[in-house]
Amino acid sequence: MLLGLDLGTGSVKALLLDERGAVAGTGSSACAVRSPRPGWAESDPEEWWLAAGEACRRALRGRAGEVAALGLSGQMHGVVLAGEGGRPLRPAVLWADTRAADQLDAYRRLPPHLRRALANPPAAGMAGPTLLWLREREPAAYAAARWALQPKDWLRMRITGEACSEPSDASATLLYDLAADRWSREAVRKLGLREELLPPLRPSAALCGELAPGAARHLGLPAGLPVACGGADTACAMLGTGLHAQGEVQLTVGTGAQIVAPRRGFAPDPSLRTHLYRAVSPGLYYAMAAVQNAGLALEWVRELLRVSWETLYEEAAAVPPGSGGVTFLPYISGERTPHLDPAARGAWVGLGLGCGRGHLLRAALEGVAFALRDALEALEGAGVEAPALRLAGGGSLGESWRRMLADVLGRPLAILPDEVASVASARGAALLAGMALGLYGGPEGLPAPRPERAVRPGEGAGRYEEAYRRFRELYPRLRGL
Ligand SMILES: Nc1ncnc2c1ncn2[C@@H]1O[C@H](COP(=O)(O)OP(=O)(O)O)[C@@H](O)[C@H]1O
Ligand SMILES: O=C(CO)[C@@H](O)[C@H](O)COP(=O)(O)O
């Protein structure tokens, strides 16, 4: 048996897989994202640790003795400032955090050859700009830090006692040279950051430690269990669903949403509007459009209007496509693709006397779907062809939501079994653990789940065109207000 742990933004998920890829157990436990000041998004790593313990014990159910190795996946881009033994010095700053908007100027001033090597647009929420902010605004914590870790790398350090990272997470920090496939020491020096904060890099599928006795008790696993390095959640989701070939495209909907396309070799978006990161397999990259506000925005709307998911879908279904002229901009944590604007904010526009809660709810679903279409079009503008998409992520399971996504995106969505789609990143993490043990020979030898069916755009798909046009017009008109 292999155990995958995925440190998501909203919850930690644990997945027990047998070597042939069949699910033997799952567990999850929620973790909070806090916004103590406008634009901030933080989590307490100690809460991640508690959630990891609960999720593991729920997935194991007495089968701990059968586990051969543990692999990790995690939310990307954020930073845990940690002391020598891995003790967090402050809450983790997450990918959805926009405090480092002013620090992006330092990136714009980098020499062109370094910006080319970073191969990604400067964006708030990435480890590099966040570290610049911490250096300026919390100098004591910055000076006291021994490590600046990606979330899953912090979790692994808690488990094994050793600090390391790997290309899929490191390449998404804005501190990594994508062309040379290593930390960009030169960019780090030019930015004036402390090089020694960055942990050594190992391959994602390498063994890089064992479960320490205290951590073993907490997770309910045997001490000494081999631990694989692991990967970024988006990269692990690709491995988990078997997305290795150029030509395939996947949409993962979680707290954020990502549209990814594997790329053989270093091929950045010339306009730098979309991302290029390293996958977990050596030599494999992926192009990505990243939407910050997917489940994040829907969850916020749901809590604000106090509705269950069932009520949300029920009331939304009673309103026709286009939401009676109401438009929702979901940008509550700024937005990356296509606007790259940490100052972007959300809005409901077009309210009338006849509007009820259903109009707000339907507009929210449509707004997130439109944001995904906008992001997909940006990725296509960067040369990615996407005649069909594979769907994954814990926020992709509702059937009427899938139909709306197919209608708005205007292309078929391949549906994986729920037990794969809902925990694709944890599955990738478990498979990395198997690869680290030498079980599969390489990515081609992995058990690859097959889509069960496709959800195709329906006859009414055209009814979203006018609403999408309105959506596209709204952000430029509101920008700067
Ligand atoms: N029925 C649903 N429709 C749309 N989104 C949903 C639904 N159920 C859950 N979600 C969203 O999915 C997200 C959880 O997905 P998951 O892949 O577990 O995210 P993460 O890895 O970011 O924690 C939450 O943000 C939640 O709002
Ligand atoms: O921001 C990105 C990719 O750029 C995400 O991969 C984050 O890592 C969040 O993932 P979820 O928690 O939404 O799954």
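Reading the values: rules and limits
- Residues numbered from 1 in each chain as written.
- Chains lettered and ligands numbered in written order.
- Predicted model: local features only at pLDDT ≥ 70, side-chain atom pairs only at ≥ 80, totals over all residues.
- Near = placed C-beta within 6 Å.
- Nonpolar A, V, L, I, M, F, W, Y, C, P; charged D, E, K, R; others polar.
- Helix = DSSP H or I, 4+ residues; strand = E, 2+ residues; numbered from the N terminus.
- Axes fitted to C-alpha atoms, helices over the stretch in contact; angles between N-to-C directions.
- Parallel < 35°, antiparallel > 145°, perpendicular 65-115°, else oblique.
- Contact = placed C-beta atoms within 7 Å.
- UniProt positions renumbered as here; feature names shortened; annotations may be inferred.
- Pairing = 2+ DSSP bridges.

S.K.: Hey, could you go over the site of ligand 2 for me, with residue numbers and the actual values?
M.R.: Lining the immediate surroundings of ligand 2 are 13 residues, of which Thr-9, Gln-75, Met-76, Gly-254 and Thr-255 lie closest. Among the residues making up the shell around ligand 2, the classes are represented as three nonpolar, nine polar and one charged.

S.K.: Provide a residue-level description of the site of ligand 1, including the pertinent values.
M.R.: Neighbouring ligand 1 are 17 residues, the closest being Gly-8, Gly-254, Gly-295, Gly-394 and Gly-395. With four residues, helix α11 (residues 295–304) is the single largest residue contributor to the shell around ligand 1.

S.K.: Account for the packing of helix α13 (residues 357–381) against helix α17 (residues 465–478), with residues named and values stated.
M.R.: Put simply, α13 and α17 touch, their axes get as near as 10 Å, and they point 75 degrees apart. Taken together, α13 and α17 sit at an angle that is classed as roughly perpendicular. Contacts from Glu-366, Gly-367, Phe-370, Arg-373 and Asp-374 of α13 reach α17 at Ala-467, Tyr-468, Phe-471 and Arg-472. Per-class residue counts for the contact of α13 with α17 are four nonpolar, one polar and four charged.

S.K.: Could you give an account of the UniProt feature "domain: Carbohydrate kinase FGGY N-terminal" (unreviewed entry) in the chain, naming the residues involved and the relevant values?
M.R.: The sites that carry the UniProt feature "domain: Carbohydrate kinase FGGY N-terminal" (unreviewed entry) are, in the present numbering, residues 1–240. Annotated as residues 1–240, this span is 34% helix and 21% strand, and its ends, taken at the C-alpha atoms, are 16 Å apart.

S.K.: Run through the sheet that holds strand β21 (residues 413–415), naming residues and quoting values.
M.R.: Neighbouring strands of a sheet are bound in pairs by backbone hydrogen bonds; such pairs are parallel or else antiparallel. Strands sit in the order β16-β17-β15-β14-β20-β21-β22 across an open sheet of seven strands; the sheet is mixed. Looking at the sheet topology across the chains shown, the edges are occupied by β16 (275–278) and β22 (453–455). Going from strand to strand, the sheet's axes swing by 35 degrees on average, the running direction of each strand aside. When strand β14 (residues 250–253) meets strand β15 (residues 257–264), the two strands line up antiparallel, connected through four bridges. Bridging from a neighbouring strand, Leu-251 pairs with Ile-259 of β15.

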